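# Observations on the three-dimensional arrangement
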Amino acid sequence: MNPISVPQGRAMGRALVLVAAAAGLWLLAAPAGAAERGDRPQIDPVRLLDRLGWGATSSDMRQIAQLGVDRYIEAQLHPKPATLPGPVERQLAAMTLSQRPLAELVPELERQRKTVQAMTMSADKDVATAAYQKAATAIYREFASRMLLRSLYSPNQLQEQMAWFWANHFSVFQGKSGVMLGDYVDAAIRPRALGRFRDLLGATLRHPAMLRYLDNEQNVAGRINENYARELLELHTLGVDGGYSQQDVQELARVLTGVGINLTADAPKLKPELQSQYLRDGLFEFNPARHDYGDKVLLGQPLRGRGLAEVDEALDRLARHPATARFVCRKMARYFLAGDPSPALVEQMAATFLRSDGQVADTLRVLFRSSEFARSLGKQFKDPVHYVISAVRLAYDGRPILNTDPMIQWLIRMGQPLHGRQTPDGYPLYESAWTSPGQMTTRFEIASAIGNGRAGLFRGEADQGAEASAVPQLSDSLYFERMRGHLGEATRKALEQAGSPQEWNVFLLSSPEFMDR
Amino acid sequence: MPTNRRQFIRSLAALPLLAGPVRLLAAPAGGSARFVLVFLRGGYDAASLLIPYHSSDYYEARPTLALARPGSDLQAALPVDGDWALNPVLRESLYPLFQRRQLAFVPFAGTDDLSRSHFETQQSIELGLAAGGARDYRSGFLNRLAGVLGGQGAIAFTDQLPLVMSGPAAVPNVALRQVAKPGLSVRQSQIIAGMYRGSRLAGQVSEGFGMRDEVLKAFAEEMESSSRNAVSARGFELEARRIGKLMRERYRLGFVDVGGWDTHVSQGGNGGYLASRFDELGRGLAAFADEMGKAWDDTVVVVVSEFGRTFRENGSRGTDHGHGTVFWVLGGSVAGGRVAGEQVEVRRSTLLQDRDFPVLNDYRQVLGGLFQRQFGLSAEQLTKVFPGARSVDLELL
C-alpha cells in the first residue's frame, strides 16, 4: 500500500506533513521503551494511547512522542490537575451541579418529590410531576455530560478511565440514587482513582448515592437491612468466592447500622452520652442512636462495637484482605487486557497491591510493564462507552462539542447508559457482552450519525445552525495515518467504495479495526 | 376509519410473511412447539405472589407485607388450592388463565447455589450446569437447546445477548421496547457486512442486519399508525405484544428479562411497589398469550427468578435475599390450574437456615422434564442441554 495516498485525494499536503511528523515521533518514542524493558514486545505509542486513554488524539500523540512510552505512562499514573479547553470549562462551570452544593440541591428536589407524591390525582399533580421530572432529568444530564466531557477532553486520560472503572466497580443506579448521584464521580471517585483503594472504599461508603442505592440509610440496630453489607463483601472487596459467610454478611450489616443520610437541616435528638459519636458531613450522617454497639465477629476476628470507628476498622480489614487484592487486581487486569489475565500476572499485581497498602498507581504500573499487556494492544474490543468516546475523539480531535445528549442516547441504545445498570455488579468487562447482533447494528447506526455530521453534537440549546460544519475529516487525521497500516484488505476495499467523504467516514467508524483498541 | 386495538393487532397478523435475507429468520422448523423463558432479575418475592395463607407463621413474619387471606374482599388473595392463594393484583390478567387451567405454579423451585448473590445465581442458572462442576462460560442452556433443535429459531428480546442464549448456535437479539428506522442504506449495510466477512464478528454483523430488516418489516404498520392511532399498550405490555408477534411468526425459542425485583425496602403489600410490578408483568403475559392466537396452544412460557427472598420482612418493610422461589408455567396446553412439584408445609421450622424457602424442585430437573415433553427430547439430547441432570416430569403438559 502506498503510504501517502489519501482517500478522495483531499488535503494531500497536510496529510504528508502529518505522516512525516508521525514517523519522526515514532522513531523517538519506540526505542526508549524497548531499551528499558528487554523482554517486553515493542509498544506502538498510538496503540498505547488507545488503551490507556479513550482514543488517541493529535495532542496525545505529540505528548507521547516527547516523553517516550515509559515516561508517558508515569505521567499518566501521577497526573497533575487537568486543564480542559476553555469552551469545555465554560460548559462545566455553567452547570447547576458546579454552582450549587449537592447538600443544598438534593434536599430541595427531595422536598419537591415528596410534595408531588402527596398530591392526590389531579391535573395539578401531572404538572408538578412533570416539573419534578424535568428538574431531576436535568441533573442526570449534567452528571452524565460532565463525565463525558472530561473523558473527551481531559489530558489525564488514564485517570478518566480509572474514574469510569471505579464508578463501574462501585456501581450505583441513577433510577434509585437519582439526584444524589450528582457529584458521585467528581467528589468520591475521580480524586482517588489512582490513589489508595481503601480511600475509594471509604469515600463511596460516605456518599449518599451509595447509601441510598444499597439501602443502608434504612439499616438500623435490631432491624438490619443486609443489602449494602452483602454487596460490599461480594462486589466491592472480597469477591463472591472470597471466603465470607452468610454470618459475615449479617455481622457486617450490624457494623453498618446508623450509617446513613440526613436531608434535613436538623440533627436528630440524641442522649447526651451519644452526642460525641454523632457525625454529619454534607448529606452523610452517622447516627449513633441507630447503631448496634454490640461486639461483632467479622471474618473470624472479633470487632469491638464502638460506632463509626468500628466501620473504619471493618473497611481496613476488607481492604487489606488478600482476597480483595486478587479480586480487584484481576478486575483491573481484565479491564486493560484483551481476555483473561494469567494467574501469574494477577498474583504479581496482588503482591504489589498488598505491599503498597492498595496503591492503585503502583499496581497498574506492574500491569502496564508486563509483556501480557504489550501483547494485547490493539486486540481488545471496545465496549459501548469506549466506542462512543473514541469515535467522537477521532472525529473532532480536540474541537469541543457543544452537546453531549446524542452520546448519552447512544449509550442507552447500546445497553450501557451511564449509571444505568440496575444491579450493583456494574457492566461486564468481557467482549461477548457487547458484540451481539443487535448491538453491532446499533454501532453502525451511530457511525452513520457521526460520519455524516448529523449527530447533533454541535447543536447547542440556543444554537440551531452550527451543524453544517460538523462533517468530520477522518481521512485527513493523523490518527488515520497511523492506523492505515493496520487496516485489512476488506476494510480498504470498503473505503474505496465510498461515494462521498461522509460515507468514507461511516465505513471507517464501522470497520472491524475501529472496534478494537 | 379508526380501528381498535384488537383489530389493529389482527391486521398485523394478516400481513404477508416477508422472506428474510438471513436463514435464521425462517419460520419455525421441525414442529410448532414454542418456548419462552421470562427471567425476573433481582430475586422476586415469591411469597407475595403465591401466598401460603394457611401458615400463621407467614402472617406473623410479615406484619406489613402479608396479603389478606382469601375472602369476599377484593383486596384478599385469590385461592388456588387449600394451601396457596394468588396476589389479587393478577385478578384481571392471569387469574382467568389459571381458571382455564393454562397456568401452573411450581413453588420451592430454584438452584442449589446458596451464595444468595444475584449475579452468581443468575449466572449458574443461565449456564444450566451442575453445581460443583467446572463452570463453562461458553454456552447457556437455551443456546444448547437451540443446538439440539437444529441450531435455529432462537432469539433474545434484550439489548445484550444474555448468557442463557450465548454459545455455538448463532442467536440474534433485539430489544423491542423501541423500534427505530435505520440510518443506513441497503448498499451501505452490505459494504459494512463485507468488511466483517471472515472476521470473528461476521456472524453477529450479518445476523444484526438481517434482524433489523425483519423487525422493520414486521412493525412497519405499527410504526406508521402509532402516530395517528395511539397504541394503548405501554411498557412491558407493548413489548410483550411485539414479542408475541415475532414468536408467532418466526421463532421457536425466546428469552426476555424483566428487572426491578430487588425489594429490600418498602416493597409494599396490596397496591405497593411490588404489586405494580406484578400487575405490569401479568398484563404483559396476558397480552402475549392473546397475541399468539392459535399458536398459544403450542407455546409454553416459564417465568423464573434467581431466588426467592427472606420469609420475614426486614426492618425496612422489604425482604432480603433468600433461596427457593416460585416458577410460573403458562401455555395453551399446559396442565395448569394447580400448584405442582414437591412441597412442604410453610412453617418456621421448615425454613432453610431459619431464613427462607428451601429448594425442593431443581430448575434443571423441572425444565428438563418439560423440554422432554414439549420437544420430545431423547435422554442423550437432554444431557446436552443440562449435563448430568436427571429430568423430573411434573406432567406440566
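Here's a quick rundown of the structure. (Residues numbered from 1 in each chain as written. Chains lettered and ligands numbered in written order. Predicted model: local features only at pLDDT ≥ 70, side-chain atom pairs only at ≥ 80, totals over all residues. Heavy atoms only, no water.)

## Some points on the sheet that holds strand β1 (residues 259-261) of chain A
All names here are of chain A. Within the open sheet, the three strands sit side by side as β1-β3-β2. Their pairing is antiparallel. Edge strands, defined here as strands with exactly one partner in the open sheet, are β1 and β2 (279-281). Direction aside, the axes of adjacent strands within the sheet are offset by 25° on average. One ladder, built from three bridges, connects β2 with strand β3 (residues 284-286); its direction is antiparallel. The partner of Arg 280 across the bridge, within β3, is Glu 285. (Pairing = 2+ DSSP bridges. Helix = DSSP H or I, 4+ residues; strand = E, 2+ residues; numbered from the N terminus. Axes fitted to C-alpha atoms, helices over the stretch in contact; angles between N-to-C directions.)

## With respect to the pattern of salt bridges
Under the defined criterion, the tally for this structure stands at 57 salt bridges over all chains. Here Arg 254 of chain A ties to Asp 292 of chain A by a salt bridge, and the two come within 2.7 Å at their closest N and O atoms. Residue Arg 254 of chain A is located in helix α15 (residues 246-255), and its partner Asp 292 of chain A is located in the loop between β3 and β4 (296-298); the two are separated by 38 residues in the primary sequence. An identical accessibility class is assigned to Arg 254 of chain A and Asp 292 of chain A; each is buried. A single salt-bridge network, built from bridges that share partners, covers Arg 241, Lys 245, Arg 248, Glu 249, Asp 290 and Glu 291 of chain B. (Salt bridge = Lys/Arg side-chain N within 4 Å of Asp/Glu carboxyl O. Buried < 20%, exposed > 50% of the residue type's maximum accessible area, 1.4 Å probe, protein only.)

## A few points about helix α4 (residues 69-77) of chain A
Of all the positions in α4 of chain A, only Val 69, Asp 70, Tyr 72, Ile 73, Gln 76 and Leu 77 of chain A are classed as buried. All buried residues of α4 of chain A fall inside an arc of 160° around its axis, so they share one side. (Arc of directions from axis to C-beta.)

## Considering the interface of chain A and chain B
Across the contact, 49 residues belong to chain A and 41 residues belong to chain B. In total, about 3700 Å² of surface goes out of reach between chain A and chain B, with carbon and sulfur atoms giving 54% of it. For chain A, the biggest contributors to the area lost against chain B are Pro 437, Phe 444 and Glu 445 of chain A; these three give 15% of the whole. Across the chain A-chain B interface, the total number found is five salt bridges. The salt bridge partner of Arg 187 of chain B is Glu 503 of chain A, with a shortest N-O separation of 2.9 Å. Counting every contact that joins chain A to chain B gives 21 residue pairs in polar contact (both at pLDDT 80 or more). Elements with a minimum of two residues in the side of chain A that touches chain B: α14 (227-236), α15, α24 (437-451), α26 (489-496), α27 (501-510) and α28 (512-515) of chain A. Counting residues per element, the side of chain A that touches chain B draws most heavily on α24 of chain A, which supplies eight residues. Class assignment of the residues belonging to the side of chain A that touches chain B gives a composition of 17 nonpolar, 19 polar and 13 charged. (Contact = heavy atoms within 4.5 Å. Buried area = accessible area lost by both parts, 1.4 Å probe. Polar contact = N/O pair within 3.5 Å; in protein donor to acceptor, adjacent residues only side chain to side chain. Nonpolar A, V, L, I, M, F, W, Y, C, P; charged D, E, K, R; others polar.)

## Some details on the pairing of strand β8 (residues 299-305) of chain B
Residues and elements named next belong to chain B. Most of β8 is tucked away, with seven of its seven residues classed as buried. Burial along β8 is two-sided: the face carrying Thr 299, Val 301, Val 303 and Ser 305 and the face carrying Val 300, Val 302 and Val 304 are both buried. Here strand β1 (residues 34-40) pairs with β8 via seven bridges, running parallel. Note on β8: the bridge partner recorded for Phe 35 is Val 300. Where β8 meets strand β9 (residues 325-330), three bridges bridge the pair, whose relative direction is antiparallel. Paired with Val 302 across the bridge in β9 is Val 329.

## A closer look at the packing of helix α9 (residues 157-169) of chain A against helix α18 (residues 322-336) of chain A
All names here are of chain A. Interaxial distance between α9 and α18 falls to 12 Å at its minimum, and their mutual angle equals 125°. It follows that α9 is oblique to α18 by the angle criterion. Of the two possible hands of crossing, α9 and α18 adopt the one that is right-handed. Facing Leu 158, Gln 161, Met 162, Trp 164, Phe 165, Trp 166 and His 169 of α9, the residues of α18 in contact are Phe 327, Val 328, Lys 331, Met 332, Tyr 335 and Phe 336. (Parallel < 35°, antiparallel > 145°, perpendicular 65-115°, else oblique. Left-handed = near helix turned anticlockwise from the far one by under 90°.)

## Digging into the nonpolar core
Core analysis: the largest hydrophobic core is formed by 167 residues, its most contacted members being Met 162 and Trp 166 of chain A. The element contributing the most residues to this core is helix α8 (residues 123-153) of chain A, with twelve residues. Ignoring sequence-local partners within four residues, the contact set of Met 162 of chain A consists of Ala 193, Leu 194, Met 332, Phe 336, Val 360 and Leu 364 of chain A. In this structure, Leu 86, Phe 105, Phe 278 and Leu 285 of chain B belong to the second largest nonpolar core, which totals 65 residues. (Core = buried A, V, L, I, M, F, W, Y, C linked by side-chain atoms within 4.5 Å.)

## Focus on the packing of aromatic side chains
One pass over the full model with this rule turns up 37 aromatic pairs over all chains. Centroid distance Trp 166 of chain A to Phe 197 of chain A: 5.7 Å. Interplanar angle 50°. Geometry classified as tilted. Of the two residues, Trp 166 of chain A sits in helix α9 while Phe 197 of chain A sits in helix α12 (residues 197-205), which places them 31 residues apart along the sequence. Taken individually, Trp 166 of chain A and Phe 197 of chain A each receive the classification buried, so the pair is uniform in this respect. Every member of this aromatic cluster is reached through a ring pair, and the members are Phe 165, Trp 166, Phe 170, Phe 197, Tyr 335, Phe 336, Phe 353, Phe 368 and Phe 373 of chain A. Lying across the ring of Phe 219 of chain B, Arg 242 of chain B places its NZ or CZ 5.8 Å from the centre. Here the guanidinium or amino end of Arg 277 of chain B rests over the ring plane of Trp 261 of chain B, the centre of that ring lying 5.4 Å away. (Phe/Tyr/Trp six-rings, centres within 6.5 Å; stacked < 30°, edge-to-face > 60°. Lys NZ or Arg CZ within 6 Å of the ring centre and 35° of its normal.)

## Looking at unusual backbone geometry
A negative phi angle is the norm for most residues apart from glycine, just as the trans form is the norm for most peptide bonds. All names here are of chain B. Even without being a glycine, Gln 353 presents a positive backbone phi close to 50°. Among the secondary structure elements, Gln 353 is positioned in the loop between β10 (338-339) and β11 (361-362). Of note, the phi angle at Asp 354 is positive, near 55°, even though the residue is not glycine. Inspection of the secondary structure puts Asp 354 in the loop between β10 and β11. Asp 354 sits in the partly exposed class, given a relative accessible area of 44%.

## Quick look at the packing of α27 of chain A against helix α6 (residues 186-196) of chain B
Relative orientation of the contacting elements α27 of chain A and α6 of chain B amounts to 35°, with a least axis distance of 10 Å. Relative to α6 of chain B, α27 of chain A is oriented so that their crossing is right-handed. The segment α27 of chain A lies against α6 of chain B, with Glu 503, Phe 507 and Ser 510 of chain A engaging Arg 187, Gln 188, Ile 191, Ile 192, Met 195 and Tyr 196 of chain B. Classifying every residue of the contact of α27 of chain A with α6 of chain B by side-chain character gives five nonpolar, two polar and two charged.

## Some remarks on the sheet that holds strand β2 (residues 50-52) of chain B
Residue and element names in this part refer to chain B. Spatially, the three strands line up as an open sheet ordered β2-β4-β3, and their pairing is antiparallel. Both edges of this open sheet fall to β2 and β3 (78-79), since each of them pairs with a single strand only. Taken together, the two bridges between β3 and strand β4 (residues 84-86) define a ladder with antiparallel strand orientation. Bridging from a neighbouring strand, Leu 78 pairs with Leu 86 of β4.

## Details of the environment of Pro 302 of chain A
Residues and elements named next belong to chain A. The topology assignment puts Pro 302 in strand β5 (residues 301-303). A relative accessible area of 59% places Pro 302 in the exposed class. Filtering out sequence-adjacent residues up to four positions away, Pro 302 remains in contact with Lys 296, Val 297 and Arg 317.

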